[in-house]
Every structure is written in structure tokens, then in C-alpha cells.
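A structural walkthrough
What follows is the residue order along each chain.
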Amino acid sequence: MHLMQPDKHSRRAFLRRSGHLALMGAAAPLGLNLAAMGEAAAFNANDYKALVCVFLFGGNDHANTVVAYDNASHTDYARIRAAGAGTAAGSIALQRSTLEATRLRPLAPLPGGVEYALHPRMTGLAGLFNTGRAAVQLNVGPLVVPTTRQQYFSGAVPLPPKLFSHNDQQSVWQSQEAEGSSRGWGGNIGDLALGSNGNALFTCISVTGNTVFLAGRDALQYQCSTAGAVPVKATKDQFFYEPAMRSAFAEMIQQPRTHMLENEYNRVMRRSLGAESQVNGALAGVTLGTAFPSANPLAAQLRMVARLIGARNTLGMKRQVFMVSLGGFDLHDDMVGRQPGQLGQVSEAISAFYQATVELGLSDKVTTFTASDFGRTLTSNGDGTDHGWGSHHIVVGGAVRGQTFYGTPPPISTGDTGAPQDQWHIGQGRLLPSTSVDQFGATLAKWFGVSAGEMGEILPNIGNFGGNDYPIDLGFMAA
Amino acid sequence: MQAMMGEEHEENSRSGSVQATGAAMATAALLAACGGGDTPPAAMLDGRAAVSKPELLEVQGSGARRSLAAPTPDQLMDWAERQFPHLFAPSASQRVADGLVYRFYSGTGNYLGVRDGQVLLLGPATGGQLVNAGQLADFVDALVPQDRVDNDEDAARFLHHAAFGASDTDIASVRQKGYAGWLEDQLNMPMGQSKWDWLVSQGYMTLTDRQFFFFNDLCQFPVWRDLMSAPDMVRQRWALALSELFVISVPSIGGSLNWPGFAGAHFWDTLAYHGFSNFRTLLEAVTLHPAMGAFLNTRGNQKEDPASGRVPDENYAREVMQLFTIGLHDLNLDGTPRLNANGQPTDSYGQSDVTNLARVFTGYDLDFRGLGSVGNSPVPPYYSIQDPRYLQRPMQFIAERHSTLEKRFLGVHIPAGTPGPEALRIALDTLFNHPNTGPFFARQMIQRLVASHPDPDYVARVAAKFNDNGAGVRGDLKAVLRAILLDKAARGPAGLYSRTFGKLREPIMRIANWARAFKVRSLASTWKFNVGNWDTEADLQQYPLAAPSVFNFFRPGYVPPSTEMATQGATAPEFQLVSESSVSAYINYLQNIVYQGAWIGNPAEAGFPRDNLGVTYMPDIVPDYSAEFALVGNTLLLVQRLNILLAGGQLSPATQDFIVNALRIDRIRADSPDEFKRIHVARAILFVMASAEYLIQK
């Protein structure tokens with residue numbers, strides 16, 4: 001079903017050639033200034049733009065994140081999530097009275113009086129929404145084609161592979177394919193950005209672990225720790241007293257090898273050593289006054305992203321895609337006890353990061369969005385919820401058409417009938433997405449500079465969407 | 001071309017064995033009556049009428065190691081009894097008649113003999129026809145790898161696959177006993193002191209203001225102690241591999257259990273103990289273990305409640321299928337996905353299977369019955385602390401919380417009202433007997449021990465042993481382990497010359513390799529080795545029983561993007577931990593320990609240092625470099641020794657030369673001061689352990 005086209009644009013083919021030059025070689029890559037080659041200016045980028053993916057690993061419970069707030073919806077939500085008596089049980093519904101402070105007040109009210117609030121711990125993000133700096137995309141998730149509940153059960157249309165499986169849905173969100181996939185849409189966007197950047201290697205940067213999101217055909221993920229690039233100390237300190245031995249050591253660990261696994265390991269080492277002093281040198285010139293919360297791993301990662309963005313001119317960067325993450329969202333148990341801390345960290349980290357982009361003068365040049373394995377069931381298993389599909393996500397930044405909900409509010413329902421309110425879940429309130437990840441990604445990519453003609457190379461299923469119900473541009477980004 | 005012929009040959013041999021088994025069963029009684037074994041049949045004594053059927057004993061005859069002497073008839077027949085118990089049982093003694101060396105197997109009615117270097121068979125297995133199964137010398141590949149170890153390199157290579165790496169003592173032992181003999185001794189060795197008992201012996205069960213009942217990482221101490229020094233090294237190595245399939249994460253259960261360190265210790269003990277029994281036994285022990293119950297939420301899982309809309313927790317039901325037994329799609333015996341008419345893999349289960357199986361796992365909870373508290377916390381707020389022995393008990397079944405609805409999953413129907421324990425038995429039997437389970441388990445265990453992207457034929461051979469150990473038993477874990485370690489893919493030379501075979505050593509194993517090679521000991525015997533992630537620049541990213549989720553530190557299906565592995569579609573799980581940060585942080589970590597050993601805060605006292613005040617760090621987990629000191633001044637010999645111990649002899653001559661030349665820059669001599677020798681040896685070790693040829697284990 002993938003609609004990946006062979007490269008037909010000469011610009012892209014050129015980028016691929018130069019990308020190879022930039023990323024495969026041992027010594028050349030970092031200094032290679034592709035921007036100097038006029039043909040390669042993919043986005044004609046004179047300005048700076050960055051996309052930041054905040055991945056919530058484990059499948060965040062969307063219904064307690066973007067919470068039904070109007071009386072009618074909240075009553076249904078609270079009834080379904082009441083869970084009933086028992087040793088480990090209790091209601092997992094958030095009380096309406098606790099949601100007042102994080103109530104979302106959109107510019108235009110939603111039809112039917114539908115209202116939402118964010119989780120009570122997400123005051124920072126609620127504030128960004130209510131001041132127009134953030135938007136909510138409702139019920140978004142992986143789809144191959146627009147899909148109805150009936151089509152889901154009858155198998156009439158192709159479905160994303162391995163629904164409800166953590167690792168696979170992480171991969172599908174990032175790359176439209178199950179585990180084992182090697183190209184993500186962040187990396188695909190990065191491919192087009194290589195030519196805008198003085199250092200192709202820093203186009204796609206992860207400040208978390210390895211993810212497929214940032215891997216393109218040529219763009220690859222460069223990993224930076226929350227403390228900056230990690231040096232190999234033995235190449236610098238006195239462990240090897242003799243400089244000649246130090247350089248021999250550095251030479252050995254970077255050798256090209258015949259064995260496939262050896263060679264790939266040493267390639268990573270080569271990139272590490274090649275980039276380290278450049279990254280750390282550039283970071284040393286960045287001062288960032290914005291305070292980030294401590295004891296918050298997501299904040300530590302986003303702080304490093306902010307510092308790297310601060311170093312953009314030194315590093316010669318015009319277009320960058322970043323990835324950060326927080327784990328621990330797979331709350332089958334003790335959701336009431338554990339989700340508040342998780343969501344509090346998300347809200348505080350993203351809010352601080354937004355403030356940092358303001359400080360850098362780039363708040364309308366940096367767009368941050370959340371993503372997660374999947375949403376969860378609306379039903380309770382006693383003190384938590386189980387794996388779902390569609391979810392609500394948040395987009396933050398000065399270029400976001402904020403204070404607005406995008407997409408369609410899903411009915412609060414777990415019923416299995418033909419009634420209209422039961423058509424947007426596939427059992428136990430697992431949301432059937434009414435917006436695809438491809439649309440979500442395309443809207444971000446368009447803002448980033450990807451043309452309509454290139455979109456199919458970035459998001460292989462995007463050609464299956466369009467029209468009023470599944471618009472390719474969801475509208476949450478300013479032009 | 002040769003590889004293709006080999007594959008065809010194997011196909012034939014597999015079906016050949018099946019036929020032979022059928023024939024044996026059909027006519028065993030008949031032929032056994034004609035012989036009895038006191039005298040060999042005349043046709044066998046003569047030998048000339050034999051029909052050639054090399055497939056019968058799966059002789060390879062590749063000639064890869066023809067320089068070796070042929071095996072003796074005795075060795076061949078011992079091997080045949082192990083390899084083909086359905087043909088040659090019970091084990092028989094050797095007889096000689098007129099130049100024929102033979103054994104008669106009363107259970108199967110078959111004769112197996114050697115005459116003039118020819119291997120002869122007669123009996124039900126051959127339909128009563130005299131068969132020549134090949135020349136004795138043809139069996140050298142099949143046989144010698146199991147029974148003779150030619151050199152220290154091969155012995156070390158085996159120890160790196162089967163255990164935690166090589167030491168002088170273990171190399172000598174493998175060479176003396178042979179692969180199979182050494183392995184059999186390990187498989188029969190009782191488990192050493194349990195992790196639980198060791199923690200108790202160290203005082204960690206006492207209530208002090210150190211609050212050991214809160215410590216997640218306590219279990220790391222006895223685990224590292226065993227990784228580094230336990231004599232039952234194969235059992236512990238296997239437990240580590242199993243802990244990366246049956247994953248729990250102690251840090252993530254610490255918030256919901258008292259004594260999480262003990263929970264982790266007991267979970268490891270469970271893997272180590274049942275790891276040498278049967279997969280079905282292990283599966284049930286894991287399922288009902290309190291640590292797993294807390295981690296994947298079987299603990300406290302309750303039946304549906306229609307009034308409130310509550311439904312059973314699906315977590316364990318989903319993950320026990322996806323991660324512990326059958327995986328997401330239907331598999332062939334060789335671990336490759338079965339494809340439908342459109343060439344697509346077919347799902348092995350759907351959401352309905354999960355929802356139904358989830359009902360089976362309702363009604364379980366921690367078993368505190370008869371256990372009180374062991375006292376109050378010695379620091380405020382002085383609440384009572386649960387007796388930790390509940391962690392040694394399987395979770396208890398509470399009938400009134402169990403869903404009595406019918407359960408339909410994987411084609412099985414458990415009728416409504418079936419008692420919970422019976423439903424559990426049926427469910428676990430179903431998963432255990434599913435055709436996916438053998439190849440699913442086999443491929444991952446091969447990945448853990450030997451190769452990241454194993455040849456499907458290798459997977460099929462191991463999966464076949466899972467399905468039937470040769471004596472009709474399914475799930476015999478010792479048989480699976482033998483099949484992985486003694487397979488020609490692991491022991492044969494081909495992998496050493498391939499440019500794709502092998503695996504990246506996982507970080508835990510690199511540290512264990514260092515410890516085993518240099519006889520690392522805890523000076524204070526407290527083994528307070530715990531690899532924390534407090535230093536981003538010197539971090540291993542892997543700590544026993546502390547994966548970030550049930551998906552382990554790395555996924556068996558991980559294909560690193562932007563690499564040749566991605567081009568080839570080759571899985572390389574350990575590469576999920578490889579990044580520009582981690583490759584450097586590993587070398588920094590190594591640099592920290594390789595000179596004087598690991599520095600431990602207040603090593604003489606139990607527990608972690610409470611704070612930075614009054615803590616003295618000193619080397620406590622320390623190597624013994626005396627044998628290496630003795631070689632200082634002869635750099636070539638030093639590097640050759642490190643090559644064998646650490647890399648199983650897999651550093652190429654070019655890399656050895658490179659390291660020798662680099663080390664000679666030190667201008668060290670045999671009479672240099674000891675401190676110089678120590679740093680010189682440490683430098684040599686850092687070179688070897690940072691080299692790609694060490695890091696990628698073949």
C-alpha cells in the first residue's frame with residue numbers, strides 16, 4: 001500500500017549524492033558545506049526552523065490528558081471510568097472540580113458545547129493553549145487509508161501493522177512500518193534539509209535513545225547526551241601518556257572494517273570522535289537563562305535541544321529535526337498515582353522549552369509536538385487502562401495556530417452498537433483515529449518547507465488522504 | 001553453490017531421519033527378536049553389501065577440518081547415541097567381532113558398527129538392510145567439535161558463547177573435557193548459593209536506617225558477583241539470557257513492592273533454577289512470580305464488573321504471547337514468518353485473543369497469608385514493613401476475583417465456569433504447545449548467545465530440539481542450550497571467516513569478560529558492584545534486571561537504520577544501544593575500572609553510601625593481573641594472551657600487530673616498576689576491549 005515513488009526529482013537525486021558524501025566518508029563530512037552548492041538549497045532556507053518530537057513511550061492515556069470537561073461529556077467519562085469496587089480498584093476518572101484551572105478556552109467553541117481540560121498537572125501547557133501558543137489535535141493515530149469501524153472489523157481496508165503492540169506502534173508512528181523499519185518521517189524530512197545545512201550530520205539529532213524517526217535515506221540520527229557530546233577521554237587525557245599511543249588508539253577505534261558489524265560500530269565511533277569537539281565547542285558559546293525543572297529527564301533533554309538550537313549559527317544549521325522522549329506511560333496499574341507525575345514532567349519540560357525558544361528569539365521557528373505508541377482504552381481495568389489506538393496530541397510553538405482544537409472530538413462511548421456515538425472506537429473505547437499520522441506529519445512538514453510534490457516521499461500513505469474529512473493540511477500551522 | 005547444496009542435503013537428511021524413525025517403530029519388535037546382539041548379523045560382518053545412505057546419520061563430510069585425525073569408533077558411537085536416541089537406545093557397550101567394532105541397541109533393535117573405517121547400520125532403522133552411513137573420517141566435523149578442543153582459541157571462543165568469557169582455568173578445563181563433556185558437567189552442576197540467600201547473609205534483610213527494603217538495586221550485587229565469579233557459569237549465563245526474554249524491571253516495581261531488591265534476586269534465582277528444567281515449568285514460575293505480577297499487573301488483576309464497566313487488565317495476556325512465547329506472526333520451524341497467498345506474514349493472534357486470555361490471568365495477588373510484618377521502619381514514619389518471604393511464594397489464586405466467563409483464544413475454548421487453576425493450566429499448555437514457541441524461543445536464545453541474525457537452518461535445528469529433545473520431550477531447556485552451543489554454526493570455523501556472522505557483545509558481557517579473564521574479586525567480599533547511570537560520560541546503558549520496559553534493552557527484531565544491516569534486513573539487537581554517546585561512554589567506563597578495578601564507596605559496609613559525607617571510595621572489585629605482569633616486556637606474548645582470554649583469539653594478526661606496535665611506544669621492560677606495568681597492562685586491555693574485533697563476537 002506504500003506509495004513510495006522512486007526518486008524523480010533531480011534535486012533530490014543530487015541531495016542523495018551529496019548526502020552520501022556528507023555522511024558516509026571518514027574525514028570529509030563535517031566541514032562539507034552543502035549550502036554553498038546552490039543546487040542543493042532544498043528549502044531555500046535563509047531562516048532557521050526546527051521540529052521537535054516529544055515521544056511519550058508506553059502509550060499515554062489520552063482520556064486523562066485531554067479530559068472531557070463539559071458536563072455531559074464528563075458525566076459519561078466519569079461513569080465509564082468509575083471501575084467499581086474491589087481491592088485494587090477505584091475510579092480512575094479525574095473529578096471535574098480538579099480541572100477548572102487547566103480548562104482549555106478555545107477561540108471558537110467546539111460544536112455541541114464540547115469542552116476539554118488538560119490534566120490538572122498540566123498547567124503550563126494549558127496556559128500555552130489559552131494564550132494561543134499551543135493547539136490540540138484530537139484523535140490522531142496511524143491509518144493506511146480512512147477507516148470506519150465497520151471496515152476495521154470486516155477487514156475491508158488495509159490497517160496499520162501490529163496494532164496495540166508497543167514496539168510496533170512506536171515504529172509505525174515514527175515510520176509507518178512495524179519494528180524493523182529503517183526510515184522515519186523525521187529522517188525523510190531531514191533528507192530534504194541536508195542541503196540547507198552546513199553540517200549535514202547535525203540535521204537530525206536525538207537527545208534520547210535510538211529511534212527510527214530520525215533515519216532517512218541519507219539523513220541519519222546523531223545522538224547527543226543531555227550533557228553534550230560524549231568525548232573519548234583516553235584520546236585526550238593522560239591515560240595513554242605518550243601522544244603517539246593516544247593517536248594510535250584513536251586510529252584503531254575508527255578503522256573501516258571488512259566485517260559488517262565491526263564496520264558499522266566503528267562508523268558510529270568515527271562520527272562520535274569527529275563531531276565531539278565541534279558540538280561541545282559550539283555549546284560552550286551558548287548561554288541560556290531560561291530555568292528548566294530539575295529531576296525531570298525530559299526537561300534535561302529539551303534543555304540540550306535548546307542549547308543546540310542556540311548553537312545553530314556556529315554549527316551552520318538552518319533546518320533541524322530533534323527527538324526527545326519520556327518513558328513510563330504504560331499505566332495498566334496505578335494510573336491515578338503515577339500519571340500525574342508523568343504529565344506534570346511533560347508540561348513543565350515543554351513549557352520551559354517554549355520559554356527558551358522565546359529567549360532565543362525563535363519561538364515562531366521551533367515547533368514541538370507530542371507523539372506516543374497509542375492511546376488507551378476508555379474502560380478501566382480497575383486501576384489503569386489498556387492498549388488503544390487513536391490519541392490526542394499537543395503542538396506547541398509561536399507558528400502554531402493555537403488556542404484551537406483540530407480534528408473531531410470523539411464521542412465518549414464504549415458501546416458496541418450501530419449508533420453514531422459508537423462509531424469512533426473499536427471496543428472498550430479504543431479510539432479509531434479520525435486523523436492519520438500522515439496528515440499530522442504532513443502539516444508539520446509543510447510548515448518546515450516540504451512541497452506538496454515531495455510529501456509522498458516523506459509520508460508514504462499521504463496520497464490516500466485528502467478532502468474535507470481527511471485534509472492533508474490540518475491547519476494547525478501558520479503558513 | 002556449495003551452500004545451496006548443503007541446504008538441499010540437510011532437507012533430505014531431515015526427512016530421512018523421520019522415515020527412519022517411522023521404520024524403527026514399525027519393525028523394532030520383529031527384528032529385535034532375530035538378533036539380541038551377542039553375535040553380529042553375518043551381513044554386517046561381511047560389510048560388502050552395504051547400501052550407501054550418508055543421510056541416515058546426517059554426515060556432512062565437508063572436509064573443513066580434514067587435517068584432524070578421524071574419530072575413534074568409540075567416539076562415533078557415543079556421539080550417535082546422544083544425537084539419535086530414537087535409533088540407538090539404551091546406551092550399549094562396545095563389542096568386537098572379526099574386525100567389526102559394533103554396538104547393539106536392545107531398545108530399538110539397531111546395530112551400529114565400524115569396519116575398515118566404514119560406518120555400518122542394520123536394523124529397523126534401515127528396514128533390515130545393511131547401510132553404509134559414510135566413512136568414519138567424514139564425521140570429524142560433526143563429532144570433533146563436540147568432543148575435542150584443538151586449541152586455546154577454540155576453548156575460549158566456546159567459553160565466550162557458553163559462559164561469561166575465558167580464564168586460564170576454564171580454558172584448561174574445556175580442553176580437558178571437550179565441549180560436550182564440559183557443558184554436561186555444567187548442566188549437572190547444582191545451582192550455587194541463591195541470590196536471595198546471599199543477600200540475607202550480607203545482612204540486607206535487617207531493618208536498619210539504611211532502609212534496604214526500599215533498595216531496587218540490591219539484586220545487582222549478587223547478580224554481578226555471579227556474572228564475575230560463579231562456578232555455575234553456564235547456568236548464570238543462561239539466566240542472564242532468559243532475563244532478557246522474561247523481562248522484569250526492578251526499578252519500575254520498586255514503587256509498588258517492599259523489598260524490590262529481594263524480588264529481583266528471587267526472580268533471577270527462579271530463572272537460574274528452572275532454566276535447566278522445562279520451558280513449561282519456567283513459564284508457569286515466571287507467570288506467577290510476584291515480581292512479574294507487579295511488573296505486568298497480574299497482581300491484583302480482577303474479573304470484569306459489568307455494573308461499573310471494569311474489564312480485566314490485558315497487560316500480561318498480551319505480553320506473554322507477544323514477548324514470552326509465540327510472537328506476533330505465525331512462524332516456520334526456522335523462525336521465518338509464514339506468509340499468506342499475498343506474501344504477507346499472518347498474525348498469530350488478534351485483540352479478541354488478548355481480551356479472552358486476559359480473563360485467565362484474573363484472580364491473582366501477592367500471597368501474604370500467615371506472614372506479618374517484620375517490624376517498623378527504623379526511620380519516620382515508622383510504618384510496618386512486610387515480611388519479605390511473600391516474594392518467595394507464587395502469587396495466590398483468589399477464586400472470587402477470577403473471571404468465570406468462557407475464554408476463547410488461539411483456537412482453544414475454556415468453558416465458562418472452569419476453575420481458575422485449570423484455566424491457567426490450559427492457557428499455559430496452549431502457549432507452550434503452540435508451533436511458534438520453539439522457533440520463537442530458539443531464535444532469540446541464539447541471538448543472546450551466538451549470533452544476531454542467525455541462519456534459519458540453525459534456528460530450525462535448535463527449534464527442533466525444543467519440540468523434541470530426542471526422547472519425546474518438548475521444552476527441555478538443557479537440550480535447547482546444548483543445541484545452541486554445540487551446533488556447527490557456533491562451533492564450526494565458518495563463522496570466523498564470514499563478514500556478517502556474530503553479534504555485538506552486550507555491555508554487561510564486556511564487563512563480565514574482563515572480570516572472568518582477570519579473576520576479579522571483591523576484596524571486602526561485599527560485591528557492591530552496581531552499574532549506575534549517574535555519569536552520562538561513563539555509562540554502560542545496561543544493568544541486570546533493569547531494562548527500561550518489558551521490551552528489554554534491545555529488541556530481537558531491531559534493525560539499525562542507516563547501516564548495512566538495514567540494507568540487508570539483518571537484525572542486530574545490541575546495536576539498539578549503539579550511538580555516538582554510548583560508544584564513547586563505554587570506553588570511558590572501561591578506563592575507569594581497568595587500571596585498579598572498580599572503586600566502591602565504603603566497601604566494607606552493607607548497602608549504598610547514604611550521601612557524599614563520610615564516604616570513602618577505594619578499589620574493591622579488583623583484577624589479578626599477575627599473569628600479565630609476567631609478560632610485560634614481551635609485548636607480543638602479552639597481546640596474544642589478551643587476544644585469547646578476551647577475544648577468543650578473534651583479533652586478526654593485523655590488529656594484534658597494530659596493538660603491539662602501539663604498546664611498544666611505552667618502552668617498558670620486564671624490570672620496570674610495578675605501577676608502570678599496571679598502567680601498561682591496563683592500556684593493553686583498553687586497546688583490546690575497544691577494538692571492533694573484540695566487540696563483535698564471532
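For clarity, every value in this text was computed on a predicted model and none was experimentally measured.

Re the overall build of chain B
Helix and strand counts for chain B stand at 29 helices and 17 strands. Compactness check: chain B gives a C-alpha radius of gyration of 28 Å against a globular reference of 26 Å for 698 residues, within 12% of the reference. The C-alpha extent of chain B, read off along each of the three principal axes, is 90 × 80 × 50 Å. For chain B, the proportion of its 698 residues judged to be buried stands at 55%. For chain B, long-range pairs separated by at least 24 residues make up 69% of all intrachain contacts whose partners lie at least 6 apart in sequence.

What to know about the packing of helix 26 (residues 635–647) of chain B against helix 28 (residues 674–690) of chain B
Residues and elements named next belong to chain B. For the pair helix 26 and helix 28, interaxial distance at closest approach is 10 Å and the crossing angle is 50°. Relative to helix 28, the element helix 26 is oriented oblique. With respect to the hand of their crossing, helix 26 and helix 28 are arranged in right-handed fashion. Listed contacts from helix 28 to L638, V639, L642, N643, L646 and A647 of helix 26 are A684, I685, V688 and M689.

Some points on the interface of chain A and chain B
On the chain B side, the residues contacting the 71 residues of chain A number 62 residues. For the side of chain A that touches chain B, the secondary structure elements donating two or more residues are helix 5 (166–175), strand 6 (221–223), helix 7 (243–254) and helix 8 (260–284) of chain A. It is helix 8 of chain A that provides the largest number of residues to the side of chain A that touches chain B, a total of 11 residues. Of the residues belonging to the side of chain A that touches chain B, the class tally is 31 nonpolar, 27 polar and 13 charged.

Description of the sheet that holds strand 4 (residues 110–115) of chain B
Working definition: the strands of a sheet are paired by backbone hydrogen bonds and lie parallel or antiparallel to each other. Residue and element names in this part refer to chain B. If you trace the six strands from one edge of the open sheet to the other, you get 1-6-5-4-3-2, paired in mixed fashion. Edge positions in the open sheet fall to strand 1 (51–52) and strand 2 (95–97), since each of these has one partner strand only. Where strand 4 and strand 5 (residues 118–122) come together, five bridges link them in antiparallel fashion. Across the sheet, L112 pairs through a bridge with L121, a residue of strand 5. The strands touched by helix 3 (residues 73–83) are strand 3 (100–105), strand 4 and strand 5; relative to strand 4, the strand with the most contacts, the crossing angle is about 155°.

Some points on the nonpolar core
Among the nonpolar cores identified, the biggest contains 306 residues, and V305 of chain A together with I484 and V688 of chain B are the most heavily contacted of them. Listed in part, the 29 residues of the second largest apolar core include W79, F104, V114 and L136 of chain B.

Quick look at the sheet that holds strand 16 (residues 617–622) of chain B
All names here are of chain B. The three strands lie next to each other as 14-16-15, forming an open sheet whose pairing is antiparallel. A single partner strand is all that each edge strand has here, and the edge strands are strand 14 (521–522) and strand 15 (598–601). Of the pairings in the sheet, the one linking strand 14 to strand 16 comprises two bridges and is antiparallel in character. Bridging from a neighbouring strand, S522 pairs with I621 of strand 16.

Topic: the confidence of the model for chain B
Residues and elements named next belong to chain B. Averaged over chain B, the pLDDT score is 90; the fraction of residues at 70 or greater is 91%. In this model, residues 1–35 is a region of pLDDT below 50 whose contacts with residues beyond four sequence positions or in other chains number 31 contacts. Low pLDDT, under 50, characterises residues 62–67; the stretch is placed with eight contacts to residues that sit more than four places away or in other chains. Scored as a complex, the prediction yields pTM 0.86 and ipTM 0.90.

Here we look at the packing of helix 26 of chain B against helix 27 (residues 653–663) of chain B
Residue and element names in this part refer to chain B. The interhelical angle for the contact between helix 26 and helix 27, taken along N-to-C directions, is 130°, at an axis separation of 9 Å. Judged on the interaxial angle alone, helix 27 and helix 26 are oblique. By crossing handedness, the relation of helix 26 to helix 27 is classed as right-handed. On helix 27, the residues that touch T635, L636, V639, Q640 and N643 of helix 26 are Q656, I659, V660 and L663. Taken together, the residues of the contact of helix 26 with helix 27 break down into five nonpolar, four polar and no charged.

Focus: the environment of A538 of chain B
Residues and elements named next belong to chain B. Within the fold, A538 resides in the loop between strand 14 and helix 23 (564–568). We classify A538 as buried; it has 20 C-beta atoms within 10 Å. The spacing of A538 and L481 is 57 residues in sequence and 34 Å in space, taken between C-alpha atoms. Leaving out residues up to four positions away in the same chain, A538 has contacts with A585, N588, Y589 and N592.

Regarding helix 11 (residues 335–359) of chain A
Each α-helix winds once per 3.6 residues, and so residues spaced three or four apart point in a common direction. With 25 residues, helix 11 of chain A extends 35 Å from end C-alpha to end C-alpha; this agrees with the ideal 36 Å at 1.5 Å per step. Where helix 11 of chain A terminates, the next one or two residues include G361 of chain A, which has phi positive at roughly 75°.

Here's the deal with helix 18 (residues 456–467) of chain B
All names here are of chain B. A rise of 1.5 Å per residue sets the reference length of helix 18, with its 12 residues, at 16 Å; its end C-alpha atoms lie 16 Å apart and thus fit the reference within 8%. The buried fraction of helix 18 is high, at nine of 12 residues. Within the span of helix 18, buried status applies to Y458, V459, A460, R461, V462, A463, A464, K465 and F466. On the buried face of helix 18, the contacting elements are helix 17 (437–449), helix 19 (477–486) and helix 20 (488–491).

Thresholds, definitions, all that
Residues numbered from 1 in each chain as written. Chains lettered and ligands numbered in written order. Predicted model: local features only at pLDDT ≥ 70, side-chain atom pairs only at ≥ 80, totals over all residues. Helix = DSSP H or I, 4+ residues; strand = E, 2+ residues; numbered from the N terminus. Rg over C-alpha atoms; globule rule 2.2 N^0.38 Å. Buried ≥ 20, exposed ≤ 12 C-beta atoms within 10 Å, placed from the backbone. Contact = placed C-beta atoms within 7 Å. Axes fitted to C-alpha atoms, helices over the stretch in contact; angles between N-to-C directions. Parallel < 35°, antiparallel > 145°, perpendicular 65-115°, else oblique. Left-handed = near helix turned anticlockwise from the far one by under 90°. Nonpolar A, V, L, I, M, F, W, Y, C, P; charged D, E, K, R; others polar. Pairing = 2+ DSSP bridges. Core = buried A, V, L, I, M, F, W, Y, C linked by C-beta atoms within 7 Å. pLDDT = per-residue confidence, 0-100. Expected span 1.5 Å × (residues − 1).

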